[in-house]
Amino acid sequence: MSLLLDPDYDVATYTCDCGNVHERVTGFVNHETIGAFAVFYADCVHHDGEHEAYIDVILDDEWDPEHPATVVGDRVTFSCRYGFIEGHGYACSLVTPPGDSSNAFRGVQLSREEALQHEWLPRFWDVVDLIIEKDPTVRMHFGLDSH
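The residue count restarts for each chain, going from 1 along the sequence in the order it is written. In keeping with the predicted nature of the model, local features appear solely for residues at pLDDT of at least 70, side-chain atom pairs appear and are counted solely at 80 or more, and the whole-chain, interface and lining totals rest on all residues. In computing side-chain properties, one takes all heavy atoms of the structure into account and sets aside hydrogens as well as water.

Student: What's the story with the packing of aromatic side chains in this structure? I'm lost.
Tutor: Given two aromatic rings, their pairing is described by the distance between the two centres and the angle made by the two planes. Two rings from Phe, Tyr or Trp (for Trp, the six-membered ring) form a pair when their centres are within 6.5 Å of each other. A pair whose planes differ by under 30 degrees is stacked, one over 60 is edge-to-face, and the rest are tilted. Following the criterion strictly, the structure yields six aromatic pairs and no others. Residues Tyr82 and Tyr90 carry aromatic rings whose centres are separated by 6.0 Å and whose planes lie at 40 degrees to one another, so their mutual orientation is tilted. Relative accessible area decides the class of each residue, using a 1.4 Å probe on protein chains only: under 20% of the type maximum gives buried, over 50% gives exposed, and in between gives partly exposed. Tyr82 sits in the buried class, given a relative accessible area of 12%. Members of the aromatic cluster, each reached through a chain of ring pairs, are Tyr82, Phe84, Tyr90 and Phe142. Two limits define a charge over a ring: the Lys NZ or Arg CZ must be within 6 Å of the ring centre, and within 35 degrees of the ring normal. Lying across the ring of Tyr14, Arg24 places its NZ or CZ 5.1 Å from the centre.

What follows is the structure, encoded as structure tokens:
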């Protein structure tokens, strides 16, 4: 599968409840032949000296490119944490998203258990791999790029 980050993305700075300043990347992922493929949010956070990214990926089987907020098909949100895991180094793990899961744009926000069973799980991991490999903000957050 050939996925591409859309060059038109947004990086916002915010302060979380702990008082630390973080960056949130909001972007689109396109498939080279079918077009719109996913929307993602990557929260690059620092807590207790640890660099982490919490990544939400919204997948839909039928995006309306003119109105992406309109749910046309089946829409789900997968969530993961990318960061250091003792004994494993840096890795991704599925997480249950915190807070209210009734956001219409995000569709069904999958719990970790639901995500593990979902048929689109391989698509989700393809998008996460692309974000970690290609998104400049995420790469800089983890020191993967020298500039």
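Student: Honestly, the pairing of strand β4 (residues 35-47) in this entry has me stumped. Any pointers?
Tutor: A regular strand places its side chains on the two faces of the sheet in alternate fashion. Pairing of strand β3 (residues 21-31) with β4, which is carried by nine bridges, proceeds in the antiparallel orientation. Its bridge partner lying in β4, Phe28 is registered against Val39. Any two strands between which DSSP finds at least two bridges are classified as paired. In this text, helices come from DSSP runs of H or I with a minimum length of four residues, and strands from runs of E with a minimum of two, each type numbered from the N-terminal end. Connecting β3 to the antiparallel partner β4 that follows it, the hairpin turn spans three residues. Pairing of β4 with strand β5 (residues 50-60) involves ten bridges; the strand directions are antiparallel. Counterpart to Asp43 in the pairing with β5 is Tyr54. Connecting the antiparallel pair β4 and β5 is a turn made up of two residues, with Asp48 showing a positive phi of about 50 degrees.

Student: Looking at this structure, how should I read the side chain of Asp60?
Tutor: In this structure, Asp60 sits in strand β5. A polar side-chain atom of Asp60 sits 2.9 Å from the main-chain amide nitrogen of Glu62. A distance of 2.7 Å separates polar atoms of two side chains, one belonging to Asp60 and the other to Arg75. Here a polar contact is recorded for every N or O atom pair within 3.5 Å, except that within protein the pair must consist of a potential hydrogen donor and a potential acceptor, and residues adjacent in sequence are included only if both atoms are side-chain atoms.

Student: Got a minute to help me understand the side chain of Ser79 in this structure?
Tutor: Here Ser79 is to be found in strand β6 (residues 75-85). A polar contact is formed between the side chain of Ser79 and the side chain of Asp56, at a distance of 2.7 Å.

Student: Quick question: what am I supposed to make of the nonpolar core here?
Tutor: Side chains that are nonpolar tend, in soluble globular proteins, to be buried together. What we call a nonpolar core is a set of buried Ala, Val, Leu, Ile, Met, Phe, Trp, Tyr and Cys residues that are connected through their side-chain atoms within 4.5 Å. Val29, Ile55, Val57, Leu59, Phe78, Phe124 and Val127 are the most contacted members of the largest nonpolar core, which totals 29 residues. Only β3, β4, β5, β6 and α2 (121-134) provide two or more residues apiece to this core. Broken down by element, this core gets its largest block of residues, seven residues, from α2. Every residue pair with non-hydrogen atoms within 4.5 Å of one another is taken to be in contact. Not counting residues within four places of it along the chain, the set of residues in contact with Val127 comprises Leu3, Val29, Phe37, Ala38 and Val57. Val39, Tyr41, Trp63 and Phe105 belong to the second-largest nonpolar core, a separate cluster that totals five residues.

Student: Help me understand the environment of Phe105 in this model?
Tutor: Of note, Phe105 is situated in the loop between β7 (89-94) and β8 (108-109). Sequence separation of Phe105 and Thr70 is 35 residues, and the distance between their C-alpha atoms is 7.2 Å. For Phe105, the contacting residues outside a window of four places in its chain are Val39, Tyr41, Ile58, Trp63, Pro68, Ala69 and Arg75.

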